[in-house]
Amino acid sequence: MSPRTGRPPVENPKNIQLKIRADQALMDDLDHCCKALNKNRSDIIRLGIQKVKAEVDGK
């Protein structure tokens, strides 16, 4: 048999999908942030969640 090929498994897989409802203004803001920070939409949303969590934990 040949050795197993492909990418190695990750420690924390991102296998949960989240669907949101957004208006065009929110999507424009999200895309603006993506271009400014050179990140994708998922990364920007993760950053936002981390910032809100830090704010909540700080109170």
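This text gives an overview of the structure that appears in the document. (Residues numbered from 1 in each chain as written. Predicted model: local features only at pLDDT ≥ 70, side-chain atom pairs only at ≥ 80, totals over all residues. Heavy atoms only, no water.)

1. Structural notes on the pattern of salt bridges
Right, on to step 1. The tally for this structure, following the rule as stated, stands at three salt bridges.
Right, on to step 2. Among the salt bridges present, the one from Asp 31 reaches Arg 41, with a minimum N-O distance of 3.0 Å. Of the two residues, Asp 31 is situated in helix H1 (residues 24-37) and Arg 41 in helix H2 (residues 41-58); the sequence distance between them amounts to 10 residues.
Right, on to step 3. Residue class for Asp 31 comes out partly exposed when judged on its relative accessible area of 27%.
Right, on to step 4. Between Asp 43 and Arg 46 there is a salt bridge; the shortest N-O distance is 2.9 Å. Here Asp 43 and its partner Arg 46 are both found in helix H2, three residues apart, which amounts to about one turn of the helix.
Right, on to step 5. For Asp 43, a relative accessible area of 27% corresponds to the partly exposed category. (Salt bridge = Lys/Arg side-chain N within 4 Å of Asp/Glu carboxyl O. Helix = DSSP H or I, 4+ residues; strand = E, 2+ residues; numbered from the N terminus. Buried < 20%, exposed > 50% of the residue type's maximum accessible area, 1.4 Å probe, protein only.)

2. Some remarks on the layout of surface pockets
Right, on to step 1. Its boundaries defined by the atoms lining it, the largest pocket holds a volume of some 610 Å³.
Right, on to step 2. Considering the residues around the largest pocket, the lining is formed by 16 residues, among which Leu 18, Ser 42, Ile 45, Arg 46 and Ile 49 are closest to the centre.
Right, on to step 3. Every element with two or more residues in the lining of the largest pocket is listed here: H1 and H2.
Right, on to step 4. A class-by-class count of the residues in the lining of the largest pocket yields nine nonpolar, three polar and four charged. (1 Å grid on protein atoms, 1.4 Å probe; cavity = no way out; pocket = protein on both sides within 12 Å on 5 of 7 lines; lining within 4 Å. Points joined across faces, edges and corners; volume = space filled by probe spheres on them. Nonpolar A, V, L, I, M, F, W, Y, C, P; charged D, E, K, R; others polar.)

3. With respect to the packing of H1 against H2
Right, on to step 1. Contact geometry of H1 with H2 gives a least axis separation of 9 Å together with a crossing angle of 100°. Considered as vectors, H1 and H2 are oriented roughly perpendicular to each other. For the pair H1 and H2, the contacting residues are Met 27, Leu 30, Asp 31, Cys 33, Cys 34 and Leu 37 in the first and Arg 41, Ile 44 and Ile 45 in the second.
Right, on to step 2. A class-by-class count of the residues in the contact of H1 with H2 yields seven nonpolar, no polar and two charged. (Axes fitted to C-alpha atoms, helices over the stretch in contact; angles between N-to-C directions. Parallel < 35°, antiparallel > 145°, perpendicular 65-115°, else oblique. Contact = heavy atoms within 4.5 Å.)

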